[in-house]
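One-letter residues, chain by chain:
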Amino acid sequence: MASLTSAGAWVLIFSLGVVGSQNISARIGEPLVLNCKGAPRKPPQQLEWKLNTGRTEAWKVLSPEGDSWESVARVLPNGSLLLPAVGIQDEGTFRCRATNRHGKEIKSNYRLRVYQIPEKPEIIDPASELIAGIPNKVGTCLSEGGYPAGTLSWHLDGKSLVPDGKGVSVREETRRHPDTGLFTIQSELTVTPVRGGPLNPTFSCSLSLGPRSPGRRALHTAPIQPSVWEPEPLEEVRLIVEPEGGAVAPGGAVTLTCEAPAQPPPQIHWLKDGSPLATAPRSVLFLPEVGAQDQGIYSCVATDQSHGSRESPGVSVSIIGSMGGPGLGLLALVLGVLGGLVTAVLLVGILLWKRKQRLHREERKVPESPEEEEERAELHQSEEQETAESHAGGP
């Protein structure tokens, strides 16, 4: 005949005289004494301890006289079993069989489970701001040095958060130390705040200990209270340059400011002549000593998670008096081309004029006809006669 109670309580089997199976918990590193029921308090004693734990491959029998296991477990003079420092490998079953002075045999069975209370959990990398309508990482809840692992849970304004894969998601990770066997667990929370919801929600995390831990009270983190922003669309991106016009003397300074009003503030990246600049994202670009390599067309690109990217109109940065700037360089190119054309036209004109002169001289060298020579000779003779008569008729 036997009477069986709920799990973890004594099992009393009166017909066999066994005070036998008890579930017990012990904290790692602390001593534990297991009593052998029915054993006489003083020698001589007739008893036998057997154990089957993580340290053994099968049942191990301990002798009251002691052996090499004394550092792990040894039988005390009163018949009890002492474990000087309980460890994870001691989890298992312990049995004692004793015969009292009246010859009655009594058995004791123990089922041992160990535990270690971890440090208080904490939220690492907590978010200070959340954006309504998009997924945001709230933080990572971390618990270290526990055994068994336990369970982490998130809470919003005091109420449990249940992952649904949409507005609430949790990513968990469990690691075990290779030497101590203790657990490190972490839980990363991501939420999508609803538009028009609380502006300062309160998040917290708790660690639930297993049934082995005394009291079984949960351990709670300090709460965090990030602010929630309602996103404002990114409508216009402007670029302001100082000094105005972006023209400075060699070695002068230029400040470029990108204005992109939106909530939350977008990330700002910079372009020069259409190519990205290797600078950290920031809204102000300062050029302290402008040289020829700094001249060009600058613009900024504002990017936010909700509305993508927008680029500002470009502004020119140049050195006063330098032909290296993009505007002056283009003007020099145009003037060079026009000058070349004018020079070509002049050369062609000169060549044509010289050719015309040469043709004219060649026309004058053509021999005259006999009639023209006779007529020219008569005209010359008549002129000579008139000259002579004029000299003869003088005083």
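Details of the structure are given in the entry above.
These numbers were taken from a predicted model, which means no experiment stands behind them. (Residues numbered from 1 in each chain as written. Predicted model: local features only at pLDDT ≥ 70, side-chain atom pairs only at ≥ 80, totals over all residues. Heavy atoms only, no water.)

The subject of this paragraph is the nonpolar core. In this structure, Trp49, Leu81 and Phe94 are the most contacted members of the largest nonpolar core, which totals 27 residues. Those elements giving two or more residues to this core turn out to be β3 (21-27), β4 (32-34), β5 (46-53), β8 (81-83), β9 (92-99) and β10 (105-115). For Leu81, the residues in contact, after removing those within four places along its chain, are Leu32, Val33, Leu34, Trp49, Leu62, Ala73, Arg74, Val75 and Phe94. Leu239, Val254, Leu256 and Ile268 belong to the second-largest nonpolar core, a separate cluster that totals 21 residues. (Core = buried A, V, L, I, M, F, W, Y, C linked by side-chain atoms within 4.5 Å. Buried < 20%, exposed > 50% of the residue type's maximum accessible area, 1.4 Å probe, protein only. Helix = DSSP H or I, 4+ residues; strand = E, 2+ residues; numbered from the N terminus. Contact = heavy atoms within 4.5 Å.)

For the rest of this paragraph, the subject is the packing of aromatic side chains. Tallied over the full model, the rule gives 2 aromatic pairs. Taking 6.4 Å as the distance between ring centres and 20° as the angle between the ring planes, the aromatic pair formed by Trp49 and Tyr110 counts as stacked. With Trp49 in strand β5 and Tyr110 in strand β10, the pair connects residues that are 61 residues apart, well separated along the chain. Here Trp49 falls in the buried class, since its relative accessible area comes to 0%. Ring geometry for Tyr147 and Phe183: centres 5.9 Å apart, planes at 20°, overall stacked. Of this pair, Tyr147 sits in the loop between β13 (136-146) and β14 (151-156) while Phe183 is found in strand β17 (residues 183-191), placing the two residues 36 residues apart along the sequence. For the pair formed by Tyr147 and Phe183, the shared burial category is buried. (Phe/Tyr/Trp six-rings, centres within 6.5 Å; stacked < 30°, edge-to-face > 60°.)

For the structure on display, the rule yields 3 cavities of 30 Å³ or more. Space inside the largest cavity adds up to approximately 50 Å³. Lining of the largest cavity is provided by Gln116, Pro118, Gly146, Tyr147, Pro148, Ala149, Gly150, Leu207, Leu209, Gly210 and Ser213. Tallied by class, the residues present in the lining of the largest cavity amount to 6 nonpolar, 5 polar and no charged. (1 Å grid on protein atoms, 1.4 Å probe; cavity = no way out; pocket = protein on both sides within 12 Å on 5 of 7 lines; lining within 4 Å. Points joined across faces, edges and corners; volume = space filled by probe spheres on them. Nonpolar A, V, L, I, M, F, W, Y, C, P; charged D, E, K, R; others polar.)

So, about the sheet that holds β14. As summarised here, the arrangement of the 4 strands in space is β15-β14-β18-β19, forming an open sheet in which the pairing is antiparallel. In this open sheet, the two edge strands, each paired with only one partner strand, are β15 (159-160) and β19 (219-220). (Pairing = 2+ DSSP bridges.)

Moving on: unusual backbone geometry. The linkage connecting Tyr147 with the following residue, Pro148, adopts the cis geometry, with an omega of -10°. Of note, the bond from Glu242 into Pro243 is cis; its omega dihedral lies within 30 degrees of zero at 0°. One non-glycine residue with positive phi stands out, namely Asp157, at about 50°. You can see Asp157 is positioned in the loop between β14 and β15. For Asp157, a relative accessible area of 43% corresponds to the partly exposed category. Even without being a glycine, Asp273 presents a positive backbone phi close to 55°. Its place among the elements puts Asp273 in the loop between β24 (267-272) and β25 (275-276). Take Asp273: its relative accessible area is 47%, and that puts it in the partly exposed class.

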